[in-house]
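Fold and contact review
What follows is each chain in one-letter form.
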Amino acid sequence: MAYLDVVRARKEFAGFTALQDVSLNVERGEFFTLLGPSGCGKTTLLRALAGFNDLTSGEIRLDGEDLRRIPPHKRDIGMVFQDYAVFPHLSVFDNVAFGLKPRKVAPAEIRARVGEALEKVRLGHLAERLPAAMSGGQQQRIGIARAIVIRPRLLLMDEPLSNLDAKLRVELREEIRALQKQIDIAAIYVTHDQEEALAISDRICVMNAGRIEQIGTPQEIYGDPQTRFVAEFVGTLNRLEPSPALESDLSHLGLKAPRATLWAVRPERLRLLPPQEAEEASEKEAVVLGRVEQFTYLGREAHVRLATDLGPLVAQIADPGLIAAFAPGEAARAAIPRDALMAFDAAGARVKLEG
Ligand SMILES: Nc1ncnc2c1ncn2[C@@H]1O[C@H](COP(=O)(O)OP(=O)(O)OP(=O)(O)O)[C@@H](O)[C@H]1O
Ligand SMILES: [Mg+2]
């Protein structure tokens, strides 16, 4: 049995099913992320864990205990919210101490534990300040300190970084990850930002319309997506619709997938070949001919959009440096490595390739 077990969780609101048959488990010390588009049920699941909303049916077991029978304030769960939820009229110290008040902790111990929690989020020197005078990043640190000061059995975070600007988001996500490992607690983190999920998680659970699409490590989710939804939601995809040109490339590669209705390849897996030189692609690659439609330089990478027999294809070039090549209209060739191809059936499930 895992530390946290969610078994066939179902949540119905009047006439609408927000969670359908969600089962997952999280280990002690694990950083587990719920990733999915708006409305897929992430917050609904967190609220069911915290006890703010009970499930319609299903089981939640934490450390062997049936959580649904325990009222929210007795579950020992820390929660961090998107909007910080700090009290503006209370000092940083009192905000963090707030969670300990109903727990009848002695004043000396309150001081010690709040001090320790503030040190962990690097706010020790600001204990007497009022939150109104603090930045969004600092206010969220208060929120995190308040969640961990109760020494929770589970730490829940619902899009804690989405109100912060991009640079701070990256900084704070690294701090959150380090803190979670340091206090060695099971954490469930909600985001709809795929890069954040890849960066911060031990495992990711991709959700779609109240269901789980796939659970796996960041590498498995990105590198081996099991559904079309996961492949499209995490990263970008070139979609290859069935066509005679595609058939011919697949047969050159000796590949078959009878049930496939869609083929796909990631932009970074396409290899651009110099158009004039007779550089031959290997037999493990299919070569597509096309013309450059657009060149987008992004600093650490560049995107070249080609019009080809297989339809539009975007190739990503890592570390483009000072190259200014690829003018629109120019002829171009791209090689698709055989092992870069993915195929999906009509229902969106990944299809195993034969050959
Ligand atoms: N109290 C409620 N009554 C009726 N429907 C609700 C209620 N709470 C949530 N829903 C619906 O359930 C679905 C899932 O909502 P939820 O808040 O869990 O989504 P989410 O994945 O957290 O989305 P977001 O990324 O926008 O926060 C949505 O369609 C939402 O409208
Ligand atoms: Mg939400």
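The coordinates are above.
If you check helix H3 (residues 107–120), its first and last C-alpha atoms are 20 Å apart, about what 14 residues at 1.5 Å a residue would give, namely 20 Å. Within H3, the full set of buried residues consists of Ile110, Arg113, Val114, Ala117 and Leu118. Mapping the buried residues of H3 onto a view down its axis gives an arc of 135°, with all of them on the same face. Pointing more than 90 degrees away from the buried face of H3 are the exposed residues Arg111 and Glu119. Residues of H3 that are buried in the fold lie against helix H2 (92–97) and helix H4 (136–148). Arg122 sits one or two residues past H3 and shows a positive phi near 60°.

A few words now on the site of ligand 1. By nearness alone, every residue bordering ligand 1 is listed as Phe13, Phe16, Ala18, Pro37, Ser38, Gly39, Cys40, Gly41, Lys42, Thr43, Thr44 and Glu159. Between ligand 1 and Gly39 there is a distance of 2.8 Å, counted from an oxygen atom to a backbone nitrogen or oxygen. A total of 640 Å² of accessible area belongs to ligand 1 in isolation, and the protein chains cover 58% of it. Of all the elements in the fold, those that place two or more residues in the shell around ligand 1 are strand E2 (16–26) and helix H1 (42–50). A per-element tally of the shell around ligand 1 places H1 first, with three residues. Here the residues of the shell around ligand 1 are counted per class, giving five nonpolar, five polar and two charged.

About the criteria used
- Residues numbered from 1 in each chain as written.
- Chains lettered and ligands numbered in written order.
- Predicted model: local features only at pLDDT ≥ 70, side-chain atom pairs only at ≥ 80, totals over all residues.
- Heavy atoms only, no water.
- Helix = DSSP H or I, 4+ residues; strand = E, 2+ residues; numbered from the N terminus.
- Expected span 1.5 Å × (residues − 1).
- Buried < 20%, exposed > 50% of the residue type's maximum accessible area, 1.4 Å probe, protein only.
- Arc of directions from axis to C-beta.
- Contact = heavy atoms within 4.5 Å.
- Near = heavy atom within 4 Å.
- Polar contact = N/O pair within 3.5 Å; in protein donor to acceptor, adjacent residues only side chain to side chain.
- Areas by Shrake-Rupley, 256 points an atom, 1.4 Å probe, with all protein chains shown as cover.
- Nonpolar A, V, L, I, M, F, W, Y, C, P; charged D, E, K, R; others polar.

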